[in-house]
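# Remarks on the overall topology
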Amino acid sequence: MSAASRAPLTLAGAVAAGLLLSACTSGGTSGGGGDTGFVTGADGIATVKKAERDTAPDLSGATVDGKQLDVSSYDGQVVVLNVWGSWCAPCRAEAPNFEKVYQDLKDDGVQFVGINTRDTSTRNALAFEEEQGVTYPSLYDPTGKLMLRFEKGTLNPQAIPSTLVLDRDGKIAARSLAALSEEKLRKMIDPVLAEK
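These numbers were taken from a predicted model, which means no experiment stands behind them.

### Here's the deal with the sheet that holds strand β8 (residues 162-166)
Ordered by their spatial adjacency, seven strands build an open sheet running β1-β2-β9-β8-β5-β6-β7, and the pairing between neighbours is mixed. Each having just a single partner strand, β1 (39-40) and β7 (138-141) make up the two edges of the open sheet. With two bridges joining them, strand β2 (residues 46-47) and strand β9 (residues 172-176) adopt antiparallel strand pairing. Pairing of alanine 46 across the sheet is with arginine 175, part of β9. Here helix α4 (residues 182-194) sits on the sheet and contacts β5 (78-84), β6 (110-117), β8 and β9; the angle it forms with β8, its principal contact strand, is near 15°.

Set out below in structure tokens:
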């Protein structure tokens, strides 16, 4: 095969690789525009001053195990929302960190909720939760409809995993568009938990 005939194949391979990478990324700092008030620190964690926070949209529906969940039922608690997919390697890497922090903080008024996206059936999502030992609930959002409820610039649909921390009033206080270590996850939650 000549170099000229290989060029289209190489370009097609590069385009396919780019599409795969954009479907599951370790994140970034861009949020797709919008004036959401986020200020991103050197650690990649973005925060919003208390007076400038937006209320999270309605997040309710079926969970991956077929139950019904309404995130507003956790009003008065700090809520950690984690967008994940069973197909996403960074999601698998961070899942044990999330479960550990959840177990440590659930008695302190912190509730974790997953938002499972782009899984075409709950079977893969349930297998992921079992394999990773995840015990907190996850809303099933195969087409990303719940993510689209957020104000433009809050979440980047291509940045999976993503994490938001809601304050006790249901307002968005912090965000990460990348996989999180246990240390960074705690760094996101602790200031919001300390608020009165």
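### Structural notes on empty space enclosed by the protein
Summed over the entire model, instances satisfying the criterion amount to two cavities of 30 Å³ or more. Of the volumes computed, that of the largest cavity is approximately 60 Å³. Lining the largest cavity are Asn82, Trp84, Cys91, Glu94, Ala95, Phe128, Glu129, Val134, Tyr136 and Ser138. When contributions to the lining of the largest cavity are tallied by element, the ones reaching two or more residues are β5, α2 (89-105) and α3 (122-132). At three residues, the largest contribution of residues to the lining of the largest cavity is made by α2. Residues of the lining of the largest cavity, tallied by class, amount to six nonpolar, two polar and two charged.

### Structural notes on the side chain of asparagine 116
On the secondary structure map, asparagine 116 appears in strand β6. For asparagine 116, a relative accessible area of 0% corresponds to the buried category. Only 2.6 Å separates the side chain of asparagine 116 from the side chain of aspartate 119, close enough to count as a polar contact. If sequence neighbours within four positions are ignored, asparagine 116 has contacts with Val64, Trp84, Gly85, Ser86, Ala125, Leu139, Tyr140, Asp141 and Pro142.

### Observations regarding unusual backbone geometry
The omega torsion across isoleucine 160 and proline 161 is 5°, close enough to zero to call that bond cis. Phi at arginine 118 is positive, roughly 65°, even though this residue is not glycine. Among the secondary structure elements, arginine 118 is positioned in the loop between β6 and α3.

### Details of the pairing of β7
Here β6 pairs with β7 via four bridges, running parallel. Considered in β7, the bridge of glycine 114 is made with serine 138. Handedness of the crossover is the feature at issue here: the chain leaves β6, passes through α3, returns alongside β7, and the resulting connection is right-handed.

Parameters at a glance
Residues numbered from 1 in each chain as written. Predicted model: local features only at pLDDT ≥ 70, side-chain atom pairs only at ≥ 80, totals over all residues. Heavy atoms only, no water. Pairing = 2+ DSSP bridges. Helix = DSSP H or I, 4+ residues; strand = E, 2+ residues; numbered from the N terminus. Contact = heavy atoms within 4.5 Å. Axes fitted to C-alpha atoms, helices over the stretch in contact; angles between N-to-C directions. 1 Å grid on protein atoms, 1.4 Å probe; cavity = no way out; pocket = protein on both sides within 12 Å on 5 of 7 lines; lining within 4 Å. Points joined across faces, edges and corners; volume = space filled by probe spheres on them. Nonpolar A, V, L, I, M, F, W, Y, C, P; charged D, E, K, R; others polar. Buried < 20%, exposed > 50% of the residue type's maximum accessible area, 1.4 Å probe, protein only. Polar contact = N/O pair within 3.5 Å; in protein donor to acceptor, adjacent residues only side chain to side chain. Right-handed = clockwise from strand over helix to strand, strands pointing away.

Remember that the coordinates give geometry; whether it matters functionally is a separate question.
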